[in-house]
Structures are given as C-alpha cells and as structure tokens.
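Here is what each chain is made of, one letter per residue.
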Amino acid sequence: MEIRDWLLTISMLAHFGQTLYAYIERRGDKTNERIGELAGKVDQLDKDVTELKSSARAAPTHSDIGKVYESINGLAETVHQLVGENRGQSDTLRLILNQIAQKGMK
C-alpha cells in the first residue's frame, strides 16, 4: 500500500470517528433536553401537591361539618316550631273572623 492509501484510510477513520462523536453528542443533548423538560414538570407537580396539602389542612374536618349539621338541625326545629305557631294563630284568627262574620260585631 502506498502512503496515499494509508492517509486516505486514516482520513476516513477520522471522519467516521468525528461523525460518531457528533451523533453521540447530539443524542446526549436531546436526552438532556428531555430530562430538563421532565424536571420542570416534576417541579410543577411538586408545587401543585404542596398547594393541595396546604388547602387540605385548611379544609373543614368531620367535626366542623358535624357542628354545622347540628346547627342546621337546631335551626330546622325552630323553623318548624314557628310554622306550627303561625298555623295555630292563623286558625285562631279564622275562627274569630268566622264568629264575627256569623254574629256580627256586638
């Protein structure tokens, strides 16, 4: 083989090595880019979970809801009592008006 053939072979191997290196480097860059995107998404998810945890701490407990339920039940009893008293007053008023209408006001 002549020197020219050896130089051509060395040049070809060098070019192949450079191409292979560039391919691996680009592939690594894309991998790093994807990892960076995933890291950003993980950070956002971490923030969301933290916000949800703080919201859950401020949410009403079963005890709080039980107190509201008891309060509503007490209010319902009072309303039912007032409705009953109002019906009684209405019935009494009807009886009085009926008596006045039958006998007149004397």
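Thresholds applied
Residues numbered from 1 in each chain as written. Predicted model: local features only at pLDDT ≥ 70, side-chain atom pairs only at ≥ 80, totals over all residues. Heavy atoms only, no water. Helix = DSSP H or I, 4+ residues; strand = E, 2+ residues; numbered from the N terminus. Rg over C-alpha atoms; globule rule 2.2 N^0.38 Å. Buried < 20%, exposed > 50% of the residue type's maximum accessible area, 1.4 Å probe, protein only. Areas by Shrake-Rupley, 256 points an atom, 1.4 Å probe, with all protein chains shown as cover. Lys, Arg positive; Asp, Glu negative; His and termini not counted. Charge placed at Lys NZ, Arg CZ, Asp CG, Glu CD. Salt bridge = Lys/Arg side-chain N within 4 Å of Asp/Glu carboxyl O. Patch = residues over 30% accessible without salt bridge, like charges linked within 9 Å, V, L, I, M, F, W, Y side chains within 5 Å. Expected span 1.5 Å × (residues − 1).

Hey, could you run me through the overall build of the protein in this one?
For the protein, the count of helices and strands is two helices and zero strands. Relative to its length of 106 residues, the protein is extended, with a C-alpha radius of gyration of 44 Å against a globular reference of 13 Å. Over its C-alpha atoms, taken along the principal directions, the protein stretches across nearly 145 × 30 × 15 Å. Taking all 106 residues of the protein together, 0% fall into the buried category. Element-wise, carbon and sulfur atoms account for 62% of the exposed surface of the protein, whose accessible area totals about 10,200 Å². Placing the 14 positive and 15 negative side-chain charges of the protein at their respective mean positions leaves the two points 11 Å apart.

I tried to follow the pattern of salt bridges on my own but got confused; where do I start?
Side chains that differ in sign of charge can pair as their charged atoms come close. On inspection of all chains with the given rule, the structure shows one salt bridge. Of the charged contacts in the structure, one is a salt bridge between aspartate 91 and arginine 94, with a shortest N-O distance of 2.9 Å. Here the residue aspartate 91 and the residue arginine 94 both occupy positions in helix α2 (residues 62-103), the gap between them amounting to three residues, near one helical turn. Its relative accessible area of 54% is what places arginine 94 among the exposed residues.

When you look at a positive patch on the surface in this model, what are you seeing that I'm missing?
Positive charge collects at one region of the surface, where Arg26, Arg27, Lys30 and Arg34 lie side by side. Mapped onto the elements of the fold, arginine 27 is located in helix α1 (residues 3-58). The exposed category is assigned to arginine 27, whose relative accessible area is 53%.

Would you take a moment to explain α2 for this structure?
Two residues of an α-helix separated by three or four positions point the same way, owing to the 3.6 residues in each turn. Spanning 42 residues, α2 covers 61 Å between terminal C-alpha atoms, matching the ideal 62 Å at 1.5 Å per step. Count one or two residues on from α2 and you reach glycine 104, which has phi positive near 80°.

On their own, these measurements won't tell you what the molecule is for.
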